[in-house]
There are 2 protein chains.
Amino acid sequence: MDSKSKQGYTDNPHFETMSSDFLYHINISTSSHDLKKLFSDVKFVCIGGSNGRMLNVAKYLAKELSSYMPETVDFTDLTGSSDRFVMYKVGPVLSASHGMGVPSMSILLNEIFKLLTHAGAKDVTIFRLGSSGGLGIKPGTVVVTTEAVNGEIKPVYEQFILGKRCERASVLDQRIAEDVKSCGTSEDDFEVVLGKTMCAGGFYEEQGRLDGAICHYTAEDKFTFLQKLYDSGVRNIEMECTGLAALTNQVNMKAAIVCVGLLNRLENDQVTTPVEKLHEFEMRPAKIVGRYIKKKLDEAK
Amino acid sequence: MDSKSKQGYTDNPHFETMSSDFLYHINISTSSHDLKKLFSDVKFVCIGGSNGRMLNVAKYLAKELSSYMPETVDFTDLTGSSDRFVMYKVGPVLSASHGMGVPSMSILLNEIFKLLTHAGAKDVTIFRLGSSGGLGIKPGTVVVTTEAVNGEIKPVYEQFILGKRCERASVLDQRIAEDVKSCGTSEDDFEVVLGKTMCAGGFYEEQGRLDGAICHYTAEDKFTFLQKLYDSGVRNIEMECTGLAALTNQVNMKAAIVCVGLLNRLENDQVTTPVEKLHEFEMRPAKIVGRYIKKKLDEAK
């Protein structure tokens, strides 16, 4: 392989010496695919938890960005039979699912970083379009993350590497966050706000819910913690933000985290919004990010 | 709801006071489903990472355990439009996907524990049928976990709960592990071994691979660590075992972890086994667990 293609979005000296690379979980290989031909034009990557939603995002962006799309857009899942993630390419945008939680997402990120490096893609921005539990915000509000914090409200991502506990700084570009936030308009029937986001290692105990199978704290303990989060500037809780911020920072890829709050955790634990409304909520991050992408593509004309 | 139905597989005093419960990620609710009617006969739960595999497991077990199955088995995904997990019921067996990593699996476990408690199911055993990287074993070997250890080779599962770092003991029933192991026979074209399993928070750095997008250690560092794991009795690495052992222990559900090693990490990082062979490898844990379930159903006749 051309050694130039191996710079880009990696931070691994061994990468340059690999004769071939099978990206196992997205089922794409340097020996079976022409990655330069297929992916060198990628400028934006949208990722989110669920398979169906990321297909909907691909379809939505293909329509919204139609003037930047090829004449026919093919919604074939590029991961074929991988059965782990889905991935679609619509013009300069990749839309892929990452499952739930940092470990799952970190696999997708590693493989997308390698894919784009093999392809020689440049100036890529990645967006996580997620769902989350809001804190002191109206259900349906979109939160653009200014800082991703862990379960101890620290901006770090912790990993065990070769038997040792390591911390990586969780760093996000403030200008992109503000630019994405500014894509909300007064005509939208929802608000877009800036705020910190807490990354949890689970949905129940780790988010202070009282309705899991296991719970060893009181309702008072829960509200004291959620209030402390709110007072620290945290506006929503999800399960991927520190990992995304730390790993993209490590490889110098620009990133933004844009999540809708499905409920207000200061009021509820259970998600009781009707399913049609939830589906509409879940597309709001794509609406905002779609406008941001369109603006950037217009500027680059 | 009948308060009796609320004991079982939970460890949460608030559970008894809930008037209804929407199991969000499996899309099943106490107010729309008769859980006693649907699930009170469940005795075995098989879980694994990917959706397609868990459908194959359901189909395989329906065939192997045909004498314990209803006349017609329905392979409808019980999670409907959840788009997070899949779940099938074949006679006394549930087969469900949990995605990748402990955070994703912990969501499924919480909802399955609650589902079975609402249903009043008793004497349930859960099996994780997984894929893993082997250590010093021939690719295709099935490892039944005796002890699940974290990235520091300690038998604990770490969580952040209400801002505090907590450790739960990762405990597995040794007799079940040995019984499952003994379901391998000399006629199988693969070995079944007992061994410790390491739970990693990712696939690349966290498993000591040299082929991720990020890697800050040398090949020598990697092999030193993998050898240390091997010398500690670890025979495979995956991404869920400590969480499964700790959470099932917390609610007193019997559990076993049965994973095939897709490769020998003392030799490779990349998965190079042809896809057809991989699919055959991936069904080996189901073969062994299917025999175990059949034995238990025969004994209970």
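Please read all numbers here as calculations on a predicted model, not as lab measurements. (Residues numbered from 1 in each chain as written. Chains lettered and ligands numbered in written order. Predicted model: local features only at pLDDT ≥ 70, side-chain atom pairs only at ≥ 80, totals over all residues. Heavy atoms only, no water.)

A. Fine view of the overall build of chain A. Scanning chain A from terminus to terminus reveals seven helices and twelve strands. Its C-alpha atoms give chain A a radius of gyration of 19 Å, near enough to 19 Å, the size a compact globule of 301 residues would have. Projected onto its principal axes, the C-alpha positions of chain A cover 60 × 50 × 35 Å. When the 301 residues of chain A are sorted by exposure, 61% land in the buried category. (Helix = DSSP H or I, 4+ residues; strand = E, 2+ residues; numbered from the N terminus. Rg over C-alpha atoms; globule rule 2.2 N^0.38 Å. Buried < 20%, exposed > 50% of the residue type's maximum accessible area, 1.4 Å probe, protein only.)

B. Summary view of the relation of the copies chain A and chain B. Overlaying chain A on chain B yields an RMSD of 0.0 Å, the required transformation being a rotation through 180° with an accompanying axial translation of 0.0 Å. Both chain copies can therefore be described as sitting about a two-fold axis. Taking C-alpha positions as reference, the residue of chain A nearest the rotation axis is A:Gly99, located at 3.3 Å. When the interface residues of chain A are mapped onto chain B, 100% of them again fall at the interface, so both copies present the same face. (Least-squares fit on C-alpha atoms with pLDDT ≥ 70 in both. Contact = heavy atoms within 4.5 Å.)

C. Quick peek at helix 3 (residues 102-119) of chain A. Residue and element names in this part refer to chain A. Along its 18 residues, helix 3 runs 25 Å from first to last C-alpha, staying within 8% of the 26 Å computed at 1.5 Å per residue. Among the 18 residues in helix 3, 18 count as buried, and that is most of the element. Taken from the residues just after helix 3, Gly-120 is the one with a positive phi, measuring 75°. (Expected span 1.5 Å × (residues − 1).)

D. Seen up close, the packing of helix 4 (residues 174-181) of chain B against helix 7 (residues 275-299) of chain B. All names here are of chain B. It is the contact of helix 4 with helix 7, at a shortest axis distance of 9 Å, that shows an interaxial angle of 110°. Viewed along their axes, helix 4 and helix 7 adopt a mutual orientation that is roughly perpendicular. Here Ile-176, Asp-179 and Val-180 of helix 4 come into contact with helix 7, specifically with Ile-288, Tyr-292, Lys-295 and Lys-296. Of the residues contributing to the contact of helix 4 with helix 7, the split by class is four nonpolar, no polar and three charged. (Axes fitted to C-alpha atoms, helices over the stretch in contact; angles between N-to-C directions. Parallel < 35°, antiparallel > 145°, perpendicular 65-115°, else oblique. Nonpolar A, V, L, I, M, F, W, Y, C, P; charged D, E, K, R; others polar.)

E. The UniProt feature "domain: Nucleoside phosphorylase" (unreviewed entry) in chain A, seen in detail. Sites flagged by UniProt as "domain: Nucleoside phosphorylase" (unreviewed entry) map to residues 43-293 of chain A. Measuring from the first to the last C-alpha atom of residues 43-293 of chain A gives 9 Å, for a span that is 33% helix and 27% strand. (UniProt positions renumbered as here; feature names shortened; annotations may be inferred.)

F. Representation of the pattern of salt bridges in the model. Inspection of the entire model under this criterion finds 39 salt bridges over all chains. The closest approach of N and O atoms between B:Glu152 and A:Arg165, which form a salt bridge, is 3.3 Å. Linking B:Glu152 in the loop between strand 7 (142-149) and strand 8 (156-161) with A:Arg165 in strand 9 (residues 164-169), this pair reaches from one chain into another. On the accessibility criterion, A:Arg165 (34% relative accessible area) is partly exposed. We note a salt bridge from A:Lys277 to A:Glu280, for which the minimum N-O separation is 3.5 Å. (Salt bridge = Lys/Arg side-chain N within 4 Å of Asp/Glu carboxyl O.)

G. Up close: the interface of chain A and chain B. Taken residue by residue, the interface counts 73 residues in chain A and 73 residues in chain B. Contact between chain A and chain B buries roughly 6100 Å² in total, counting both sides, with carbon and sulfur atoms accounting for 54%. Ranking the residues of chain A by area buried against chain B places A:Met100, A:Leu162 and A:Ala213 at the top, with a combined share of 13%. Viewed at the interface, chain B and chain A are joined by six salt bridges. Our enumeration of links across chain A and chain B arrives at 38 residue pairs in polar contact (both at pLDDT 80 or more). (Buried area = accessible area lost by both parts, 1.4 Å probe. Polar contact = N/O pair within 3.5 Å; in protein donor to acceptor, adjacent residues only side chain to side chain.)

H. Broad picture of empty space enclosed by the protein. All chains considered together, the criterion is met by seven cavities of 30 Å³ or more. By volume, the largest cavity is sized at about 730 Å³. A:Pro103, A:Glu158, B:Pro103, B:Glu158 and B:Gly201 are the residues nearest the centre of the largest cavity, which is lined by 31 residues in total. Tallied by class, the residues present in the lining of the largest cavity amount to 16 nonpolar, eleven polar and four charged. (1 Å grid on protein atoms, 1.4 Å probe; cavity = no way out; pocket = protein on both sides within 12 Å on 5 of 7 lines; lining within 4 Å. Points joined across faces, edges and corners; volume = space filled by probe spheres on them.)

I. How the structure looks around the environment of A:Lys89. All names here are of chain A. Relative to the assigned elements, Lys-89 resides in strand 4 (residues 87-90). Excluding anything up to four places from it in sequence, Lys-89 contacts Leu-38, Phe-39, Asp-41, Val-42, Val-73, Asp-74, Leu-78 and Leu-94. Of note is the side chain of Lys-89, whose polar atom sits 3.0 Å from the side chain of Asp-41. Looking at Lys-89, its side chain comes within polar contact range of the main-chain oxygen of Gly-91, at 2.6 Å.

J. Spotlight on the environment of B:Asp221. Residue placement: B:Asp221 occurs in helix 5 (residues 219-231). Sequence spacing of B:Asp221 and B:Gly290 is 69 residues, and the spatial spacing of their C-alpha atoms is 40 Å.

K. Geometry of the state of the cysteines. Inspection of the entire model under this criterion finds zero disulfides over all chains. Of the cysteine sulfurs around A:Cys241, a residue in no disulfide, the closest is that of A:Cys199, at 4.5 Å. We classify A:Cys241 as buried; its relative accessible area is 0%. A:Cys166 provides the cysteine sulfur closest to B:Cys215, a residue in no disulfide bond, and the two sulfurs are 12 Å apart. Residue classification places B:Cys215 among the buried residues on the basis of a relative accessible area of 1%. (Disulfide = S-S within 2.5 Å.)

L. Highlighting the side chain of A:Asp211. Residue position: A:Asp211 is located in the loop between strand 10 (192-199) and helix 5 (219-231). Among buried charged residues, A:Asp211 stands out as having no salt bridge; its nearest opposite-charge side chain is A:Arg209, 4.3 Å away. Of the polar contacts made by the side chain of A:Asp211, one reaches the side chain of A:Gln270; its length is 3.0 Å. Once residues within four sequence positions are removed from consideration, A:Asp211 is found in contact with A:Tyr204, A:Asp269, A:Gln270, B:Asn12, B:Met18 and B:Lys114. (Lys, Arg positive; Asp, Glu negative; His and termini not counted.)

M. Structural detail: unusual backbone geometry. All names here are of chain A. Not every positive phi belongs to a glycine, and Asn-27 is a case in point at roughly 60°. Looking at the secondary structure, you find Asn-27 in the loop between strand 1 (22-23) and strand 2 (28-29). When its relative accessible area of 25% is taken as the criterion, Asn-27 is described as partly exposed.

N. Fine view of the packing of aromatic side chains. Overall, the coordinates contain ten aromatic pairs over all chains when judged by the stated rule. Geometrically, the ring pair formed by A:Phe127 and A:Tyr292 is edge-to-face, given 5.5 Å between the ring centres and 70° between the ring planes. One end of the pair, A:Phe127, is in strand 6 (residues 125-134); the other, A:Tyr292, is in helix 7 (residues 275-299), with 165 residues separating them in the sequence. Per residue, the accessibility class of A:Phe127 equals that of A:Tyr292, and both read buried. The interplanar angle of 80° and the centroid separation of 5.9 Å between the aromatic rings of B:Phe22 and B:Tyr24 together place this pair among those described as edge-to-face. A relative accessible area of 24% places B:Phe22 in the partly exposed class. (Phe/Tyr/Trp six-rings, centres within 6.5 Å; stacked < 30°, edge-to-face > 60°.)

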